[in-house]
Amino acid sequence: MLPLVRLLQLVSPALPVGAYTYSQGLEWAVEAGTVNNEVDCARWIGDLLEHGTGAFEAPLLARLLAAWTRAEAGEAGALDEVDALNADFLASRETSELRAETAQMGYSLVRLLDGLPAFAGLPGWRERLARIDEPAFPTAWSAAAAAWRVPPQDAVAAYLWAWAENQVMAAVKAIPLGQSAGQRLLATLGERIPAVAERALAVPREQWSNFSPALAIASSRHETQYTRLFRS
């Protein structure tokens with residue numbers, strides 16, 4: 001059961017990487033009146049789950065998990081693939097806020113893992129992760145999941161859950177919504193996660209899609225929003 005326990009640690013809101021400080025454009029969508037209530041919120045987050053995070057970030061995470069596992073086995077070229085996937089993800093962030101978010105969270109997670117004997121004490125993992133100049137958050141997160149032998153299907157589903165939970169908690173604060181509404185949203189979104197995760201594990205790379213223009217616009221507008229609770 002240890003991989004499950006490690007996975008719970010990775011997706012815990014107590015993980016000190018600063019995820020709670022980001023809304024990924026949702027705060028501007030609330031300010032603009034696009035998201036006003038529970039129904040709007042379910043549509044916004046659900047669409048991003050299906051067509052944004054689930055269509056690009058989750059497949060990339062699955063590929064990172066596989067690359068890290070091959071790197072541990074000593075396969076030639078595996079670390080080069082990790083580097084390429086990390087660069088692809090950084091390049092896919094369409095605004096300065098979204099890029100700063102993944103870079104800051106990646107940096108924080110690397111520092112945390114470096115101080116955890118449960119990770120740093122595993123042969124070679126500290127060195128593999130330290131060689132990346134600017135690790136994005138999914139790159140660092142997938143390294144921990146691979147090192148701790150978390151099954152890929154569980155890792156991808158849990159990563160999507162943590163993303164959805166953070167979005168819902170941002171909505172609870174920004175709209176604001178009540179805690180019961182937040183739990184209803186999580187229950188509804190949670191029902192969709194298994195199918196999204198299964199797709200992410202199977203979709204070929206040429207079909208990955210990061211086309212989310214409303215997210216890019218919301219994030220860009222958030223950069224100059226007058227009052228803000230969140231950093232993105």
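In what follows, the structure referred to is the one given above.
Computed from a predicted model, the values in this text were never measured in an experiment.

Q: I'm lost on the packing of aromatic side chains in this one. Help?
A: Note on aromatic pairs: each is described by the distance of the centres and the angle between the planes. Applying the stated criterion across every chain, the model contains seven aromatic pairs. Ring plane angle 50° and centroid distance 5.7 Å describe the contact between Trp 68 and Trp 125, whose orientation is recorded as tilted. Note that Trp 68 is positioned in helix α3 (residues 38-72) and Trp 125 in helix α7 (residues 125-130), a separation of 57 residues in sequence. An identical accessibility class is assigned to Trp 68 and Trp 125; each is buried.

Q: I'm lost on the packing of α3 against helix α10 (residues 179-202) in this one. Help?
A: A pair of packed helices can be characterised by two numbers: the angle between their axes and the separation between those axes. Orientation of α3 relative to α10, taken along the N-to-C sense of each, is 30°, at an axis distance of 9 Å. Looking at the two axes, α3 sits roughly parallel to α10. α10 is crossed by α3, and the crossing has right-handed handedness. Contact residues: Glu 38, Cys 41, Ala 42, Ile 45, Gly 46, Leu 49, Glu 50, Gly 54, Ala 58, Pro 59 and Ala 62 in α3; Ala 181, Arg 184, Leu 185, Leu 189, Arg 192, Ile 193, Val 196, Arg 199, Ala 200 and Leu 201 in α10. Each residue belonging to the contact of α3 with α10 can be placed in one class, and the counts come to 14 nonpolar, two polar and five charged.

Q: Would you mind showing me how to read the environment of Asn 86 here?
A: Along the chain, Asn 86 turns up in helix α4 (residues 78-92). Taking the C-alpha atoms as reference, Asn 86 lies 11 Å from Arg 63; in sequence the two are 23 residues apart. Other than its neighbours up to four places away in sequence, Asn 86 contacts Ile 132, Glu 134, Pro 135, Ala 136 and Thr 139.

Q: Help me understand the pattern of salt bridges in this model?
A: When the charged atoms of two side chains with opposite charge come close together, those side chains can pair. Throughout the structure, instances matching the rule amount to 13 salt bridges. Between Asp 88 and Arg 205 there is a salt bridge, and its shortest N-O distance comes to 2.2 Å. With Asp 88 in helix α4 and Arg 205 in the loop between α10 and α11 (213-222), the pair connects residues that are 117 residues apart, well separated along the chain. Judged by relative accessible area, which is 33%, Asp 88 ranks as partly exposed. Arg 228 serves as the salt-bridge partner of Glu 97, at 2.7 Å between the closest nitrogen and oxygen. A residue pair is termed long-range when its members are at least 10 positions apart, and Glu 97 in helix α5 (residues 96-114) and Arg 228 in the segment after α11 qualify at 131 residues. By relative accessible area, which is 9% here, Glu 97 ends up buried. A residue is classified by how much of its surface remains accessible, and Arg 228, at 42% relative accessible area, is partly exposed. When salt bridges with common partners are traced through the structure, they connect Arg 63, Arg 70, Glu 75 and Glu 81 into a single cluster.

Quick notes on the rules
Residues numbered from 1 in each chain as written. Predicted model: local features only at pLDDT ≥ 70, side-chain atom pairs only at ≥ 80, totals over all residues. Heavy atoms only, no water. Phe/Tyr/Trp six-rings, centres within 6.5 Å; stacked < 30°, edge-to-face > 60°. Helix = DSSP H or I, 4+ residues; strand = E, 2+ residues; numbered from the N terminus. Buried < 20%, exposed > 50% of the residue type's maximum accessible area, 1.4 Å probe, protein only. Axes fitted to C-alpha atoms, helices over the stretch in contact; angles between N-to-C directions. Parallel < 35°, antiparallel > 145°, perpendicular 65-115°, else oblique. Left-handed = near helix turned anticlockwise from the far one by under 90°. Contact = heavy atoms within 4.5 Å. Nonpolar A, V, L, I, M, F, W, Y, C, P; charged D, E, K, R; others polar. Salt bridge = Lys/Arg side-chain N within 4 Å of Asp/Glu carboxyl O.

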